[in-house]
Amino acid sequence: MILNKIKFKTLGDERGSLVAIEQGYNIPFDIKRVYYIFDTKKGVERGFHAHHNLQQLVIAINGSCDFIVDDGRERKIVHLDNPNEGLLVNGIVWREMKSFSDDCVLLVLADDYYNESDYIRDYNEFKELINGK
Ligand code: TYD
């Protein structure tokens, strides 16, 4: 499985750092939704789903967490701890999030609105879908 990471240019000066994400320039899809996960309690694991049709870019803009991607053949753990870097998650990929630091803010940009019917929340259903392809 090829992991697609996007490195953002950091615009910094003596005051600090700034990253700009602009549709059509440094993100490969049109952004319809932005959400962020924060204040995650100790030991919590999130996600445990795939999507039929959704592109997402995931950035730990503060703190860190582990983002697990599983394409049905291979499972990779990506440690996200860099506000200058985003992980692109697209295709039918099972994802899990764990090991959140107390201060983790995980920003997610998505190319579509929230739609529960796009979710695959059952791992066996996900595997069947992958194997049927
Ligand atoms: P959930 O899918 O459980 O989050 P995660 O996959 O990160 O563990 O979502 C938590 C709740 O928030 C659930 O009730 C659905 C809702 N939700 C929205 O309303 N809009 C959204 O964009 C997202 C991602 C979730």
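Refer to the structure printed above.
Residues take numbers from 1 onward in each chain, read along the sequence in its written order. Where totals are concerned, whole chains, interfaces and linings use all residues; where local detail is concerned, this predicted model gives features only for residues with pLDDT of at least 70, and gives and counts side-chain atom pairs only at 80 or more. Neither water nor hydrogens contribute to the side-chain values; these are computed over all heavy atoms in the structure.

1. Some words on unusual backbone geometry
Of all residues except glycine, most have a negative phi; of all peptide bonds, most are trans.
Thought 1: Positioned with a positive phi, Asp39 is a non-glycine residue whose angle comes to about 60°.
Thought 2: Labels follow the DSSP assignment, with helices taken as runs of H or I lasting at least four residues and strands as runs of E lasting at least two, numbered in each case from the N terminus. By the secondary structure assignment, Asp39 is in the loop between strand S4 (33-38) and strand S5 (46-51).
Thought 3: Despite not being glycine, Phe48 has its phi angle at roughly 60°, a positive value.
Thought 4: Relative accessible area serves as the criterion here: at 30%, Phe48 is assigned to the partly exposed category. Exposure classes here rest on a 1.4 Å probe applied to the protein chains alone. A residue is buried below 20% of its type maximum, exposed above 50%, and partly exposed in between.

2. Focus: the site of the ligand
Thought 1: We call a residue near a molecule or strand whenever a single non-hydrogen atom of that residue lies within 4 Å of it. Residues in close proximity to the ligand include Arg33, Tyr35, Ile37, Arg46, Gly47, His49, Met97, Tyr114, Tyr119 and Arg121, which together make up its full environment.
Thought 2: At a separation of 3.1 Å, an oxygen atom of the ligand approaches a polar side-chain atom of Arg46.
Thought 3: Here Gly47 contributes a backbone N or O atom positioned 3.0 Å from an oxygen atom of the ligand.
Thought 4: Protein burial of the ligand: of its 530 Å² of free accessible surface, 60% is covered by the chains.
Thought 5: Counting residues per element, the ones that place at least two in the shell around the ligand are S4 and S5.
Thought 6: Residue polarity follows a fixed list, in which Ala, Val, Leu, Ile, Met, Phe, Trp, Tyr, Cys and Pro are nonpolar, Asp, Glu, Lys and Arg are charged, and the others, Gly among them, are polar. When grouped by side-chain class, the residues that make up the shell around the ligand number 5 nonpolar, 2 polar and 3 charged. Within 3.5 Å is the distance limit for a polar contact, defined as a pair of N or O atoms, with the added protein rule that one can donate a hydrogen and the other accept it, and that residues adjacent in sequence qualify only through two side-chain atoms. Methods summary: accessible areas were calculated by the Shrake-Rupley approach with a probe of 1.4 Å, and residue burial reflects only the protein chains presented.

3. Quick word on a nonpolar patch on the surface
Thought 1: Two joining distances apply to patches: 9 Å for like charges and 5 Å for nonpolar side chains (Val, Leu, Ile, Met, Phe, Trp, Tyr), and every residue must have over 30% relative accessible area and no salt bridge. Should a side-chain nitrogen of Lys or Arg be within 4 Å of a carboxyl oxygen of Asp or Glu, the pair is scored as a salt bridge. On the surface, a cluster of nonpolar side chains totalling about 340 Å² of accessible area is made up of Val34, Tyr36 and Phe38.
Thought 2: In this fold, Tyr36 is placed in strand S4.

4. Focus: the packing of aromatic side chains
Each aromatic ring pair is characterised by the separation of its centres together with the angle its planes make.
Thought 1: Stacked, tilted and edge-to-face are the three classes assigned to paired rings of Phe, Tyr and Trp, where Trp is represented by its six-membered ring and a pair needs centres within 6.5 Å; plane angles under 30 degrees give stacked, over 60 edge-to-face, the rest tilted. Across all of its chains, the model carries 5 aromatic pairs by this definition.
Thought 2: An aromatic cluster is built from Trp94, Tyr123 and Phe126, whose rings are joined through pairwise contacts.

5. Comments concerning the pattern of salt bridges
Thought 1: For the structure shown, the criterion picks out 12 salt bridges.
Thought 2: For Arg75, the salt bridge is made with Asp70, and the minimal N-O distance between the two is 3.6 Å.
Thought 3: Residue class for Asp70 comes out buried when judged on its relative accessible area of 3%.

6. Focus on the sheet that holds strand S1 (residues 4-7)
Thought 1: Spatial ordering of the open sheet is given by S1-S9-S6-S11-S4, a layout of 5 strands whose pairing is antiparallel. Sheet topology places S1 and S4 at the edges, where each strand pairs with a single neighbour. Within this sheet the neighbouring strands show an average axis-to-axis angle of 25°, counted without direction.
Thought 2: As defined by bridge partners, strand S6 (residues 56-62) adjoins strand S9 (residues 85-89) across 3 bridges and the pair is classed as antiparallel. The rule for pairing is simple: two strands pair if DSSP sees at least two bridges between them. Lines fitted to C-alpha atoms define the axes here, with helix axes fitted over just the stretch in contact, and angles between the N-to-C directions of these axes take values from 0 to 180 degrees.

7. Quick look at the state of the cysteines
Thought 1: The term disulfide is used for any two cysteine sulfur atoms that are within 2.5 Å. Counted under the stated rule, the structure contains 0 disulfides.
Thought 2: Free of any disulfide, Cys65 has its nearest neighbouring cysteine sulfur in Cys104, separated by 4.3 Å.
Thought 3: A residue is classified by how much of its surface remains accessible, and Cys65, at 0% relative accessible area, is buried.
Thought 4: Look at Cys104 and you get buried, because its relative accessible area is 1%.

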